[in-house]
Amino acid sequence: MLENIRESSQGLTAKIILGFIILTFAVAGIGSYSNSVDTSVADVNGDKISQDEFNKAYQAQRNRMAQQFGEMFETLSADPSYMSNFRNGVVDNLINQKLIDQNSEALAIRVADQRIKSTIQNMAEFQIDGVFDNNRYLAMINQAGFYQSADFRDYLRTEMTRRQLTQALVASEFSLPYQEDMFTALQNQQRDIRFATINAEQFKASIELSDEEVNDYYLANKSRFENQEQVKVNYITLDVDTIANTVTLTDADVDDYYKNNISQYRDEEQRRVAHILIEFGDDEAKAKVETETLLAKINAGEDFAELAKEHSADTFSGENGGDLDWIDAGVMDTAFDDAVFALSGIGSVSDVVKTDFGFHIIKLTDYKAEKVQSLAEVRDNIVSKVKNEKAQDKFFELQQEVARLSFEFPDSLYDAAGAINATIKTSDWLTRGVNNTPFDVSNVVDVAFSDIVVYEQLNSDIVDVSDSLAIVMRLNEYQAASVKPLAEVSAQIENILLAKKASEKAQTVADELLVAFKSGSDITEQLAEIGASMEVKAAVARVGSGLDASLAREAFKLPRPSENVVSATTVNLSNGNLALLEVQAVNEGTAVNSPNLSQQLTQQLAQAAYLSYVESLKVGAEIVRKQVQAPTTQY
């Protein structure tokens, strides 16, 4: 084959074509072929927001919504209009973040390398038994998509810089007492209303629908009548708990762990003391004499607690008789510490002790001896802990092996399953919404529906379900999303159209009645003709009135009634009916003190300040938005 290619390339035509290609690359540059297409979703003052940034933010927000709202979000995500707004909201957030980043740069806000390092080391996610573990750190940031430590540090630096700026902004907000009084008075305000409910159902009988209307609605709203896509997968799991059950420990293993970690099983000696502090002031010699005088009084039998309360410069402990509570060795100043642990009996008092803070007299008030738990007492705990540690190490090792085998033998799970002695299982039907464990984690569901599993029908990569559980999947069966036939949904569409037209008819009637009502006409007979009448409700509160939420909300939106103006409107109720609503009187509320109100109002003011700050950054900013589409996830 290579020989044929070589011979074919010797012809004049082939040489001309080859020469043209070489010339094109020489003039335009190879980079122009790969970089000429701008895939960014927005441009903020010359800084582009890439498609990749959008994809990550979109997927993260989608996962949060799916976890929070479950099947409700699955239904909403089938609506193209909703998802369009959803995508635009993601872009809005990215633009806001970009503006904040640019402003942080302009204000020279920085986060030091040492603070980044300290933050990472103190993150519980990267610790084992409370100690930072570098291997765990690398494994977890790789799992999150950061394949270089520098990438994660840069991400963390950006987040901490944003937080530094926004916290400085919102922390400056506060509420004043008069604002709290005004707020509670408005919250406690009540209104006298009357309303008439217009039942939309009565208009359905006069409405006629044609087959064409039903068909047109079906064609325009096919996404509402879809069967959601589903997938069923074969899978194997790698579990730390299962591995731990296979770990065998010797007595030496347990004994070594106990000896190497004896501090975990030792309660150090503790002493409870009280002290009297006399500060040096301008005359150290005078302070020493004063301290010695107090010591003489104590040795003569005067009450230590009373002298501490009267004379100690440490007023906080002095109010409690000089009590400093329990003290561990090595916590206090060296001289103070040595004096405390030199005291031999409860009630004994030290000589004068000099530290950087001044002169002290110390009294031992209680004592706890060192206590060490025996190996027999903690053996079961050690066995469980050591098995888990060894299983965790084996877990990371087997993850690599499973990943290798599932990649090298992509058409079957048998090789990977054999390596870890796992059973191949089959899931129930999965959706992009709520599923049973271990498919109740968003990243697992995303992989189950990924192109490599569904369309290429290969083994997935190994996916971390949690810190102790990983999974590999391959396709068992797939059902694509499909639109239900018109015959199946025609009755549903007819009900939708009837309700819509009936509501429109009710709205027309309500609008006509409102015009007559505001003009001062008596509409009692007109209401009676449609089976309605005015109902009076006095002292309606904002919350807990028992009325339809829409009705109560509109009642507090209407202006105060006056002598020559009727305060009325129409209201769409939550059940599809209409109401004609009038506010007859406004009853002022009483201001009430609330212990949490100040914090709530401060939070609201802080949020408003943040939004105003972001809007101010947009003034004069050059922002170019582009049309965005839902990203196609690749694995």
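A quick note: this is a predicted structure, and the numbers were derived from the prediction, not measured.

What counts, and at which threshold
Sequence order as written defines residue numbering, which begins from 1 separately in each chain. Where totals are concerned, whole chains, interfaces and linings use all residues; where local detail is concerned, this predicted model gives features only for residues with pLDDT of at least 70, and gives and counts side-chain atom pairs only at 80 or more. Computation of side-chain values: all heavy atoms of the structure, hydrogens and water removed. DSSP calls a pair of strands paired once it identifies at least 2 bridges connecting them. Per the convention used, a helix needs a DSSP run of H or I reaching at least four residues, while a strand needs a run of E reaching at least two, with both numbered from the N terminus. Axis definition: a line fit to C-alpha positions, over the contact stretch in the case of helices; interaxial angles, taken between N-to-C directions, run 0 to 180 degrees. Each residue after the first adds 1.5 Å to the expected span of a helix. For the exposure calls, accessible area comes from a 1.4 Å probe over protein chains only, and a residue counts as buried if that area is under 20% of its type's maximum, exposed if over 50%, partly exposed in between. Each direction from the helix axis to a C-beta atom contributes to the arc, which is the arc of those directions. Between two residues, a contact is recorded if the distance between any of their heavy atoms is within 4.5 Å. Polar contacts here mean pairs of N or O atoms no more than 3.5 Å apart (in protein, one a potential hydrogen donor and the other a potential acceptor; neighbouring residues in sequence count only if both atoms are side-chain atoms). Exposure above 30% relative accessible area and the absence of a salt bridge qualify a residue for a patch, where like charges join within 9 Å and nonpolar side chains (Val, Leu, Ile, Met, Phe, Trp, Tyr) within 5 Å. In these tables, accessible area is a Shrake-Rupley quantity obtained with a 1.4 Å probe, and a residue counts as shielded only by the protein chains included in the view. Each salt bridge in this description consists of a side-chain nitrogen of Lys or Arg and a carboxyl oxygen of Asp or Glu lying within 4 Å of one another. Each angle is binned into one of four classes, with values under 35 degrees roughly parallel, values over 145 roughly antiparallel, values of 65 to 115 roughly perpendicular, and all other values oblique. The crossing is said to be left-handed when, going from far helix to near helix, the turn is anticlockwise and less than a right angle, and right-handed when the turn is clockwise. Residue type decides the class: Asp, Glu, Lys and Arg count as charged, Ala, Val, Leu, Ile, Met, Phe, Trp, Tyr, Cys and Pro as nonpolar, and the leftover types, Gly among them, as polar. Centre distance within 6.5 Å is the pairing criterion for rings of Phe, Tyr and Trp, where only the six-membered ring of Trp is used; planes under 30 degrees apart are then read as stacked, over 60 as edge-to-face, and the remainder as tilted.

1. Observations regarding the sheet that holds strand β1 (residues 42-44)
Paired through backbone hydrogen bonds, the strands of a sheet run either parallel or antiparallel to each other.
Line of reasoning, step 1. Spatial strand order, β2-β1-β21: 3 strands in an open sheet with antiparallel pairing. Lying at the two open borders of the sheet, with one neighbouring strand each, are β2 (47-49) and β21 (623-625). Neighbour-to-neighbour, the strand axes of this sheet turn through a mean angle of 15°, independent of strand direction.
Line of reasoning, step 2. As paired elements, β1 and β2 share 3 bridges and run antiparallel to each other. Within β2, the residue paired with V44 across the bridge is D47.

2. Examining helix α14 (residues 284-299)
Line of reasoning, step 1. Its 16 residues place the ends of α14 23 Å apart at the C-alpha level, agreeing with the 22 Å of an ideal helix rising 1.5 Å per residue.
Line of reasoning, step 2. Of all the positions in α14, only A287, T291, L294, L295 and I298 are classed as buried. Projection of α14 onto a plane perpendicular to its axis shows the buried side chains occupying an angular sector of 105°, all on one side. Along α14, exposed side chains directed more than 90 degrees from the buried face belong to A285, K286 and N299.
Line of reasoning, step 3. Of the surrounding secondary structure, the elements contacted by the buried residues of α14 are β9 (270-278), α15 (304-311) and β12 (358-368).
Line of reasoning, step 4. For α14, the N-terminal capping position is held by D283, with its side-chain oxygen 3.3 Å away from the main-chain nitrogen of A285.
Line of reasoning, step 5. Residue G301 follows α14 closely and has a positive phi angle near 110°.

3. Focus on the pairing of strand β19 (residues 568-572)
The side chains of a regular strand alternate, first on one face of the sheet and then on the other.
Line of reasoning, step 1. Burial of β19 is extensive: 4 of the 5 residues sit out of reach of the surface.
Line of reasoning, step 2. Where β19 meets strand β20 (residues 578-587), 5 bridges bridge the pair, whose relative direction is antiparallel. Bridge assignment links T569 to a residue of β20, and that residue is L581.
Line of reasoning, step 3. Hairpin connection from β19 to β20: 5 residues lie between these consecutive antiparallel strands, with G576 at a positive phi of about 95°.

4. Considering a nonpolar patch on the surface
Line of reasoning, step 1. Residues F174, L176, Y178 and M182 make up a contiguous nonpolar surface patch of about 440 Å² in total accessible area.
Line of reasoning, step 2. Residue placement: M182 occurs in helix α10 (residues 177-187).

5. Topic: the packing of helix α9 (residues 149-170) against helix α25 (residues 597-618)
Line of reasoning, step 1. In contact at an axis separation of 9 Å, α9 and α25 are set at 125° when each is read in the N-to-C sense. The pairing of α9 with α25 is recorded here as oblique in orientation. Judged by the twist between their axes, the crossing of α9 over α25 is right-handed. Counting all contacts with α9, which are made through L165, T166, L169 and V170, the residues of α25 involved are A606, A609, Y610 and Y613.
Line of reasoning, step 2. Looking at the contact of α9 with α25 residue by residue, the classes come out as 7 nonpolar, 1 polar and no charged.

6. Re the pattern of salt bridges
Line of reasoning, step 1. Across all of its chains, the model carries 24 salt bridges by this definition.
Line of reasoning, step 2. A salt bridge links K56 to D52; the shortest N-O distance between them is 3.6 Å. With K56 and D52 both in helix α4 (residues 51-69), this residue pair falls 4 residues apart, about one helical turn.
Line of reasoning, step 3. Exposure remark for D52: the relative accessible area of 44% places this residue in the partly exposed category.
Line of reasoning, step 4. Where E201 meets K204, a salt bridge forms, and the shortest distance between an N and an O atom there is 3.3 Å.
Line of reasoning, step 5. The class of K204 is partly exposed, set by a relative accessible area of 25%.
Line of reasoning, step 6. Salt bridges sharing common partners tie together D101, E159 and R162.

7. Points about the packing of aromatic side chains
Line of reasoning, step 1. By the definition in use, this model includes 15 aromatic pairs.
Line of reasoning, step 2. Where F280 meets F359, the ring centres are 5.1 Å apart and the plane angle is 75°; that geometry is what we call edge-to-face. Of this pair, F280 sits in the loop between β9 and α14 while F359 sits in strand β12, and the two are 79 residues apart along the sequence.
Line of reasoning, step 3. A relative accessible area of 21% means that F280 is categorised as partly exposed.
Line of reasoning, step 4. F359 gets classed as buried once you look at its relative accessible area, which sits at 4%.

8. Topic: α4
Line of reasoning, step 1. Across its 19 residues, α4 extends 26 Å between first and last C-alpha, which sits within 8% of the 27 Å expected from 1.5 Å per residue.
Line of reasoning, step 2. For α4, the complete set of buried residues consists of F54, Y58, Q59, N63, M65 and A66. All buried residues of α4 fall inside an arc of 165° around its axis, so they share one side. With respect to the buried face of α4, the exposed residues turned more than 90 degrees away are K56, Q67 and Q68.
Line of reasoning, step 3. Looking at the packing, one finds that the buried side of α4 touches α5 (71-76), α6 (80-106) and α20 (442-448).
Line of reasoning, step 4. At the exit of α4 stands G70, carrying a positive phi of roughly 60°.

9. Comments concerning the packing of helix α13 (residues 251-260) against helix α18 (residues 375-408)
Line of reasoning, step 1. The geometry of α13 relative to α18 is characterised by a closest axis approach of 9 Å and an angle of 100° between their N-to-C directions. Taken together, the axis directions place α13 and α18 in an arrangement best described as roughly perpendicular. Along the contact surface, α13 presents D251, V254, D255, Y257 and Y258, while α18 presents L375, V378, R379, I382, V383, K385, V386 and E389.
Line of reasoning, step 2. Taken together, the residues that form the contact of α13 with α18 break down as 8 nonpolar, no polar and 5 charged.

10. Remarks on unusual backbone geometry
Line of reasoning, step 1. Geometrically, the link from T437 to P438 is a cis peptide bond, its omega value of 5° lying close to zero.
Line of reasoning, step 2. As for its position among the elements, P438 is in the loop between β14 (425-426) and α20.
Line of reasoning, step 3. Positioned with a positive phi, A108 is a non-glycine residue whose angle comes to about 60°.
Line of reasoning, step 4. Secondary-structure assignment places A108 in the loop between α6 and α7 (113-121).
Line of reasoning, step 5. Judged by its relative accessible area of 48%, A108 falls in the partly exposed class.

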